[in-house]
Amino acid sequence: MNFMKTIVAVGLVATSTSAFAADITGAGATFPFPIYSKWADAYKKETGNGLNYQSIGSGGGIKQIQAKTVTFGATDMPLKVEQLEKDGLVQWPMVMGAIVPVVNLEGVKPGELVFDGTTLANIYLGKITKWDDPAIRKLNPNVKLPSEAITVVRRSDGSGTTFNFTDYLSKVSAEWKTKVGSGTAVEWPTGVGAKGNEGVSGNIGQTKNSIGYVEYAYAKQNKLIYAALVNKTGKTVQPTVSSFQSAASNADWAKAPGYYVILTDQPGEQSWPITASTFILMQKAPTDKAASAEAIKFFKWAFANGGKMAEELDYIPMPDAVVKLIEKTWSADIKS
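Keep in mind the model is a prediction, meaning the values are calculated, not measured. Sequence order sets the numbering: in each chain, residues are counted from 1 along the sequence as written. With the structure being a predicted model, the display of local features is reserved for residues of pLDDT at least 70 and the display and counting of side-chain atom pairs for 80 or more, all residues being used for whole-chain, interface and lining totals. Where side-chain values are given, they derive from all heavy atoms of the structure, hydrogens and water being excluded.

## Overview of the packing of aromatic side chains
(1) Moving on: The rule is short: rings of Phe, Tyr and Trp, with Trp giving its six-membered ring, pair when the centres are within 6.5 Å, and they are stacked under 30 degrees, edge-to-face over 60, tilted in between. On inspection of all chains with the given rule, the structure shows 24 aromatic pairs.
(2) Moving on: For the pair Phe165 and Tyr213, a centre-to-centre distance of 4.2 Å together with 5 degrees between the ring planes defines the contact as stacked. With Phe165 in helix α7 (residues 160-172) and Tyr213 in strand β8 (residues 210-215), the pair connects residues that are 48 residues apart, well separated along the chain. Exposure class is identical for Phe165 and Tyr213. Each is buried.
(3) Moving on: Each residue in the set Phe33, Tyr36, Trp39, Tyr43, Tyr53, Phe72, Trp92, Phe298, Phe299, Trp301, Phe303 and Trp330 is aromatic and connected to the rest through ring pairs, giving one cluster. Put simply, DSSP marks the helices as runs of H or I at least four residues long and the strands as runs of E at least two long, and each gets a number from the N terminus on. Burial classification: accessible surface area is computed with a 1.4 Å probe over protein chains only, and a residue below 20% of its type maximum counts as buried, one above 50% as exposed, and the rest as partly exposed.

The structure is reproduced here in structure tokens:
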């Protein structure tokens, strides 16, 4: 967990040494926290301006921007146009990434274990309870699976990571869709709750025979054992930048009102099935115009300079054509 401590320290430095009048404050999704922290550190060194971002989960980010207590909210569950209009908000995608199943199984290497959507749904439905269940064995004939109970770990807070994970399970399992459905928070049939991608990562790292789901950067940086997935075309794919990009390539942002696009279970032989975007929410008529203008400067800088940093953490930068659309949205919709 040293990685997360480092990231938190970066966030605190950016906050405490910020000297300009219009402080940029943001709160929300834990999914993009590693890249927002990396950007904040680089931006601070380059401009002297700080960013205070609280990694509290998408549900908290939506509530804080609705309450106008932060300059921007961050969410992995995009709001629909009707909700944006009702709350006087502007929304755009900032970066793309992916969610991966992670396990703590002795002797299993990252990417060695394979799940399909139905099996993953049945584990989270509480129907598959042991690691050597026939359904898991069938997908993994060459993996030594213990005859041990599966400890299921899931999020306890309102989470966009949960929204995308449960959206995927709803698309691949009719039973999941009927019994549980999708959302930032659901009535989980089973499992132990943990707060944030940080909490789930920590729980998995400490609990033998466990399974959870986290944003890929957390899995990689915390050296967790991630699983491969069988995608919509029936191909087994590994979580890689190219498989995330394959899923993202189908997104038609230009025709999506409010940039409302969900990237789960996309077609394409190489597509990673739980790819996701993370979004920024800002007020159309901000209460603090100076802070709002500073935030837009930061986001503009991140689009222009942050692509390589995003890729280093296995996120996918937004395509240039989409960035141009977003910059037009800023000019047209935000009064600052």
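## Some words on the pairing of β8
(1) Moving on: With 6 of 6 residues buried, β8 lies mostly within the body of the structure.
(2) Moving on: At least two bridges found by DSSP between two strands is the condition for calling them paired. In terms of strand pairing, strand β4 (residues 89-104) meets β8 through 6 bridges, oriented antiparallel. Bridging across to β8, Val100 finds its partner in Val214.
(3) Moving on: As paired strands, strand β6 (residues 151-155) and β8 are joined by 2 bridges and run parallel to one another. Looking at β8, one finds that Val152 is bridged to Ile211.

## Some remarks on the sheet that holds strand β11 (residues 236-237)
(1) Moving on: As summarised here, the arrangement of the 3 strands in space is β5-β10-β11, forming an open sheet in which the pairing is mixed. If you trace the sheet from one side to the other, it starts and ends with β5 (114-115) and β11, each paired once.
(2) Moving on: As judged from the 2 bridges shared by strand β10 (residues 228-230) and β11, these two strands associate in the antiparallel manner. Paired with Val230 across the strands is Thr236, a residue of β11.

## Thoughts on the pairing of strand β1 (residues 24-28)
(1) Moving on: Within β1, 4 of the 5 residues are buried, leaving the element largely enclosed by the surrounding structure.
(2) Moving on: As paired strands, β1 and strand β2 (residues 51-55) are joined by 5 bridges and run parallel to one another. Paired with Ala27 across the strands is Gln54, a residue of β2.
(3) Moving on: Pairing analysis gives 3 bridges linking β1 to strand β3 (residues 72-75), with the strands arranged parallel. Counterpart to Gly28 in the pairing with β3 is Ala74.

## A look at the layout of surface pockets
(1) Moving on: Computed from the structure, the largest pocket encloses a volume of approximately 170 Å³.
(2) Moving on: With a 1 Å grid laid over protein atoms only, a set of points is called a cavity when a 1.4 Å probe fits there but cannot get out and a pocket when it is open yet has protein on both sides within 12 Å along at least five of seven lines; lining residues have an atom within 4 Å of a point. Around the largest pocket, the lining residues are Val81, Leu84, Glu85, Leu89, Val90, Gln91, Gly258, Tyr259, Lys284, Thr329 and Asp333.
(3) Moving on: When contributions to the lining of the largest pocket are tallied by element, the ones reaching two or more residues are α4 (81-87), β4 and α14 (320-333).
(4) Moving on: Here the term charged refers only to Asp, Glu, Lys and Arg, the term nonpolar to Ala, Val, Leu, Ile, Met, Phe, Trp, Tyr, Cys and Pro, and the term polar to all other amino acids, Gly among them. Grouping the constituent residues of the lining of the largest pocket by class yields 5 nonpolar, 3 polar and 3 charged. Grid points are joined across faces, edges and corners, and a volume is the space filled by probe spheres set on the points.

## A closer look at the packing of helix α5 (residues 117-124) against α7
(1) Moving on: Put simply, α5 and α7 touch, their axes get as near as 9 Å, and they point 115 degrees apart. Considering how the two elements wind past one another, α5 and α7 form a crossing that is left-handed. For the pair α5 and α7, contact is made by Gly117, Thr118, Leu120, Ala121 and Tyr124 and by Phe165, Tyr168, Leu169 and Val172, respectively.
(2) Moving on: Of the residues assigned to the contact of α5 with α7, the class counts are 7 nonpolar, 2 polar and no charged. Angular values range over 0 to 180 degrees, each being the angle between N-to-C directions of two axes fitted as lines to C-alpha atoms, with helices fitted over their stretch in contact. Left-handed describes a crossing in which the near helix is turned anticlockwise from the far one by less than a right angle; the clockwise case is right-handed. Residue contacts are defined here by distance: any two heavy atoms, one from each residue, within 4.5 Å place the two residues in contact.

Taken by themselves, the reported measurements are silent on function.
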